[in-house]
Amino acid sequence: MDALRRGAVPESGLDLLATGLGRFEQAVDEELNTAAAGGSVFKAVRGEYGSGKTFFTRWLGERAKRRTFAVAEVQVSETETPLHKLETVYRRLTERLTTASFPPSALRPVADAWFYALEEDALADGAGERELPEAVDRLLTARLAEVSRRAPAFATALRGYKQSLDAGDEATAAAVMSWLGGQPHVAAAARRSAGVRGDLDHFGAFGFLQGLLTVLRDAGHAGLVLVLDEVETLQRVRSDARDKALNALRQLIDEVHSGRFPGLYLVITGTPAFYDGQQGAQRLAPLAQRLATDFTTDPRFDNPRAVQIRLSGFTEESLTCLGATIRDLYAEASQSPDRIKQLADDAYLTDLARAVGGALGGKVGVAPRLYLKKLVGEVLDRIDQFPDFDPRIHYKLTVGSGDLTATERNFAAPEPAASADDLELEL
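Thresholds, definitions, all that
- Residues numbered from 1 in each chain as written.
- Predicted model: local features only at pLDDT ≥ 70, side-chain atom pairs only at ≥ 80, totals over all residues.
- Heavy atoms only, no water.
- Pairing = 2+ DSSP bridges.
- Helix = DSSP H or I, 4+ residues; strand = E, 2+ residues; numbered from the N terminus.
- Axes fitted to C-alpha atoms, helices over the stretch in contact; angles between N-to-C directions.
- Contact = heavy atoms within 4.5 Å.
- Buried < 20%, exposed > 50% of the residue type's maximum accessible area, 1.4 Å probe, protein only.
- Right-handed = clockwise from strand over helix to strand, strands pointing away.
- Salt bridge = Lys/Arg side-chain N within 4 Å of Asp/Glu carboxyl O.
- Polar contact = N/O pair within 3.5 Å; in protein donor to acceptor, adjacent residues only side chain to side chain.
- Expected span 1.5 Å × (residues − 1).
- Arc of directions from axis to C-beta.

With an unreviewed UniProt entry as reference, the chain is termed BREX system ATP-binding protein BrxD, source organism Streptomyces luteosporeus.

Laid out in structure tokens, this is it:
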């Protein structure tokens, strides 16, 4: 509720709020099963602003965590996470890595769990206390054999991390783990101690991702769900950087389909303009071919198993339904649940949805964020705290510029004049 009050997507409990996602459940679960069995999956999600792309990916992440997947959500951005620099994407991945047990960054707990699993396996094979370090090292080499052929530094750094821990050198161990997470500017002394040099580059990022997937699986995780959110930002970067980013995305998709990343479920999200426009995926024909999906049929018959799926966005009816779900959840923790359900009844929720949609130029599909923010923060909170508050009498919806994102302000702006005669001038 606090996240909704702030106009943000909650980090957890999304199954309680899911509206209209039931048609994707079976396909998503089948794809998670594929990744858990050692396969790899790529999914593209399309939807206009406000259609629920971020909600969908976090809902998917929650389902994945219940199946012991690790999850990482990376926001693509020109300055912070440029897609054409995969070493930066990998670094953001490790910073945002989370599991059902550990919040971000879960990289070090996962590595520690992996070494614990190696020790358990070595002991099960009959290794004694004296032979244990050597036995663990042999297992490490065997488990990362495939990774070492492409990214030998990954296995070397893991070995250096374990040696630093065994020697009680916490500072060096932490520095080496940072280097494993793709962080730049790690102290040269720590890198020398671990037997590695330099920083991670674009091509090494693939090998490190492969190594991370191996460690996750051996540590007891089914795989990794990686979300690259808001790829439509690529349309706004310089043309040379955009071309490199689109090619990097095409390369990443090909690597997923080639089976190089067993256990990876890769999801990208973007607007229709990115998938269909000449400044987006259509700019690179091979990428457009890989993402091509037929959306000319009735949305009711969209294929949830397709490489690209679309979110249709909210209608006034579905927005009211979501509001009723939020109201009922809120009432469960309220001191006066009956009063909340009485004053914020379905008819009022419909009126509020209509008013918020009107404030956004009639675009109900982009209204969910603002609608839920107003409903929780300005209606339900007041009913809960003030016994004499009646939203129909004491509350009138106001939407200031501070309430709106830049995109919402564009929708709220008046329609542009069709001709000079339509302009009103103050004389």
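Asker: Is there a simple way to think about the sheet that holds strand β5 (residues 308-310) in this case?
Answerer: Either a parallel or an antiparallel arrangement is found when strands of a sheet pair, and the pairing is made through backbone hydrogen bonds. Spatially, β2-β3-β4-β1-β5 is the arrangement adopted by the five strands of the open sheet, whose pairing is parallel. Only two strands of the sheet have a single partner each, and these edge strands are β2 (70-75) and β5. Put simply, the sheet's adjacent strands are angled 20 degrees from each other on average, direction ignored. Of the pairings in the sheet, the one linking β2 to strand β3 (residues 224-229) comprises six bridges and is parallel in character. Within the sheet, the bridge partner assigned to V71 lies in β3 and is V225. Packing of helix α3 (residues 53-66) onto the sheet brings it into contact with β1 (41-46), β2, β3, β4 (264-270) and β5, and relative to β4 it is tilted by some 165 degrees. On the sheet, helix α4 (residues 86-96) packs against β2 and β3 and is oriented at approximately 130 degrees with respect to β2.

Asker: What's the story with the pairing of β4 in this structure? I'm lost.
Answerer: For a regular strand, the rule is simple: side chains alternate between the two faces of the sheet. Counting buried residues in β4 gives seven out of seven residues, a clear majority hidden from the surface. The two faces of β4 match: L264, L266, I268 and G270 on one face and Y265, V267 and T269 on the other face are all buried. Both β3 and β4 contribute to a ladder of five bridges, which runs parallel. Following the sheet pairing, V227 is matched in β4 by V267. For the crossover from β3 across helix α12 (residues 239-258) to β4, the handedness is right-handed.

Asker: Looking at this model, I keep getting lost on unusual backbone geometry. Mind explaining?
Answerer: Note on backbone geometry: most residues besides glycine have negative phi, and most peptide bonds are trans. In this chain, P104 is followed by S105 through a cis amide linkage whose omega measures -10 degrees. By secondary structure assignment, the location of S105 is in the loop between α4 and α5 (107-124).

Asker: Honestly, the pattern of salt bridges in this entry has me stumped. Any pointers?
Answerer: Summed over the entire model, instances satisfying the criterion amount to 33 salt bridges. Residue K162 is joined to D166 by a salt bridge in which the shortest nitrogen-to-oxygen separation is 3.1 Å. Here K162 pairs with D166, and both are found in helix α8 (residues 152-166), just four residues apart, close to one helical turn. Its relative accessible area of 15% is what places K162 among the buried residues. Among the ionic pairs, E378 bridges to K374, the shortest N-O distance being 3.1 Å. In this pair, E378 and K374 are both assigned in helix α18 (residues 368-385), four residues apart and thus about one turn of the helix distant. With a relative accessible area of 1%, K374 lands in the buried category.

Asker: Which parts of the structure should I look at to understand the environment of R382?
Answerer: Residue placement: R382 occurs in helix α18. Using a relative accessible area of 32% as the deciding quantity, one classes R382 as partly exposed. Residues R382 and T320 lie 62 residues apart in sequence; the distance between their C-alpha atoms is 19 Å. If near-sequence neighbours (up to four positions away) are discounted, R382 is found in contact with F389 and Y395. At 3.3 Å, the side chain of R382 forms a polar contact with the backbone oxygen of E378.

Asker: Whenever I open this one, α5 confuses me. Can you help?
Answerer: Residue pairs spaced three or four apart in an α-helix point in one direction, given the helix's 3.6 residues per turn. Given a rise of 1.5 Å per residue, 18 residues ought to cover 26 Å, and the 26 Å separating the end C-alpha atoms of α5 matches this to within 8%. Within α5, the full set of buried residues consists of L107, V110, A111, W114, F115, A117, L118 and A122. Relative to the axis of α5, the buried residues are bounded by an arc of 155 degrees and lie together on one face. Opposite its buried face, α5 presents the exposed residues Y116 and A124, each directed more than 90 degrees away. Turning to α5, the residues buried within the fold contact α4, α6 (132-143), α8, α9 (170-180) and α11 (204-218). One or two positions beyond α5, positive phi appears at G126, with a value near 100 degrees.

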